[in-house]
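# Structural features, examined
Here's the letter readout for the chains.
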Amino acid sequence: MKTIVITGANTGIGLATAESFVQDGDHVIIACRNLDKAEKAKQYLESLNKGTVEIVQLDLNSLEQVNQAANQLLQKYPQIDVLVNNAGMMTPELEATVDGYEKQFGVNYLGPFLWTMKLLPAVKNSEHGRIIHLASMMHLMGSIKPENFKADQVKKYNGVLSYANSKLANLLFSNILAKQLEGTNVTSNALHPGGVDSEIYRELPKYQYKVIKLFLIPTTKPAALIKTIATDPKWANRNGDYVSLQTPAIKSSKAKDMQLAQQLYDQSIQFVGKYL
Ligand SMILES: NC(=O)c1ccc[n+]([C@@H]2O[C@H](COP(=O)([O-])OP(=O)(O)OC[C@H]3O[C@@H](n4cnc5c(N)ncnc54)[C@H](OP(=O)(O)O)[C@@H]3O)[C@@H](O)[C@H]2O)c1
């Protein structure tokens, strides 16, 4: 029985991924913001009568809360076999996290960065630790500009580009982490899950959603890919990889830039340093 941690597993791709691990009899920790939804997800997963499920409250909007949630998890679980950084959001409005970061940068990237760095020692205690990041083909439109990190410094906000930036940051983090993990028992890989029918499109106007829905795939498809990355022996030596459902796994030149990845990593360590 493996210990699997999945963020944002109360719905969407995260829930489908949790289900696929529970079906294998694993112990799945669903790290969720909304506890009512998490409780419903837990009840559903337990009704499958296969693996076991536990909830940890995690709000990626606050570094303090991420720190607390990670500490809580580490106290109970010295070993984590698979960490799936799935939680993510989109917002058309310029908003700030509790710590003042632009919200998509903070919730989609910086919170998960701290979460991963805190949990890394436990993943290293696994014989074959796997860290999987939900990036997106949207990273192709993304860039990393330090002046966009803090909400009050953003001059011109575009919600779609901000989402793309956060997904580029996910991919850069996966790559630099993979480099750091070379020669260890842990791998770090990223994926674009395809255009997936989940709650992420909830902010879209209804008519736009109706059109987009025609092209969306079910959550079970990315869940199966995540499971393959996490468990298939063929993935044992794949580290720093990026795969994609529906579309070719094309990485932007920025996503391949290891100097940029290192710079972002160094800045991120400074931002979250007091919790490490
Ligand atoms: N769907 C797609 O087409 C698509 C395409 C490319 C990449 N992705 C990526 O795939 C991942 C999963 O997305 P999805 O499509 O399954 O979306 P979803 O159905 O909207 O699920 C997102 C999950 O993230 C959680 N979350 C949001 N803000 C959070 C916060 N502050 N703290 C903790 N958890 C938070 C949500 O929790 P609540 O229920 O509390 O809001 C929810 O559980 C995301 O990283 C997304 O960027 C999705």
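Thresholds applied
- Residues numbered from 1 in each chain as written.
- Predicted model: local features only at pLDDT ≥ 70, side-chain atom pairs only at ≥ 80, totals over all residues.
- Heavy atoms only, no water.
- Near = heavy atom within 4 Å.
- Polar contact = N/O pair within 3.5 Å; in protein donor to acceptor, adjacent residues only side chain to side chain.
- Areas by Shrake-Rupley, 256 points an atom, 1.4 Å probe, with all protein chains shown as cover.
- 1 Å grid on protein atoms, 1.4 Å probe; cavity = no way out; pocket = protein on both sides within 12 Å on 5 of 7 lines; lining within 4 Å.
- Sits in = over half its atoms within 2 Å of the grid points.
- Helix = DSSP H or I, 4+ residues; strand = E, 2+ residues; numbered from the N terminus.
- Points joined across faces, edges and corners; volume = space filled by probe spheres on them.
- Nonpolar A, V, L, I, M, F, W, Y, C, P; charged D, E, K, R; others polar.
- Phe/Tyr/Trp six-rings, centres within 6.5 Å; stacked < 30°, edge-to-face > 60°.
- Buried < 20%, exposed > 50% of the residue type's maximum accessible area, 1.4 Å probe, protein only.

Let us look at the site of the ligand. Around the ligand there are 32 residues in total, and N10, R33, K37, S198 and Y201 lie nearest to it. Residue G88 places a main-chain N or O atom 3.2 Å away from an oxygen atom belonging to the ligand. A distance of 2.4 Å separates an oxygen atom of the ligand from a polar side-chain atom of S198. Against a free-state accessible area of 900 Å², the protein chains account for coverage of 98% of the ligand. Under a 2 Å grid-point criterion requiring more than half of the atoms, the pocket assigned to the ligand is the largest pocket. Mapped by element, the contributors of at least two residues to the shell around the ligand are α1 (12–22) and α5 (159–181).

Which parts of space are left empty comes out when a probe the size of a water molecule is rolled across the atoms. Looking at the largest pocket, its volume works out to about 1,100 Å³. Lining the largest pocket are 49 residues, and of these G88, M89, M90, Y163 and I200 lie nearest its centre. Element by element, the count of residues in the lining of the largest pocket is highest for α5, at four residues. Residues that form the lining of the largest pocket fall into these classes: 23 nonpolar, 18 polar and eight charged. Volume-wise, the second largest pocket comes out at about 400 Å³. As for the second largest pocket, its lining consists of 18 residues, of which N148, V154, K156, L161 and N165 are closest to the centre.

This part covers empty space enclosed by the protein. Within the structure shown, the criterion is met by two cavities of 30 Å³ or more. What the largest cavity holds in volume is close to 60 Å³. When contributions to the lining of the largest cavity are tallied by element, the ones reaching two or more residues are α4 (103–124), β5 (129–134) and α5. Residues of the lining of the largest cavity, tallied by class, amount to five nonpolar, four polar and one charged. Put simply, the second largest cavity is a space of about 30 Å³. Lining the second largest cavity are L60, N61, L63, T97, D99, Y101, G106, L110 and G111. Take the lining of the second largest cavity: its biggest share by element is three residues, from α4.

For the rest of this paragraph, the subject is the packing of aromatic side chains. Any pair of aromatic rings gets described here by the distance separating the centres and the angle formed by the planes. If you walk through the whole model with that rule in mind, you get nine aromatic pairs. Between Y109 and F173 the ring centres are 6.4 Å apart and the planes differ by 80°, which places this aromatic pair in the edge-to-face class. Of this pair, Y109 sits in helix α4 while F173 is found in helix α5, placing the two residues 64 residues apart along the sequence. Considered together, Y109 and F173 belong to a single accessibility category, that of buried residues. The interplanar angle of 90° and the centroid separation of 5.9 Å between the aromatic rings of F149 and F271 together place this pair among those described as edge-to-face. Of this pair, F149 sits in the loop between β5 and α5 while F271 is found in helix α8 (residues 258–272), placing the two residues 122 residues apart along the sequence. Taking the relative accessible area as the measure of exposure, F149 reaches 5% and is therefore buried. Owing to a relative accessible area of 28%, F271 belongs among the partly exposed residues under this scheme. Aromatic ring contacts, followed pair by pair, group Y101, F105, Y109, F113, F149, F173, Y265 and F271 into a single cluster.

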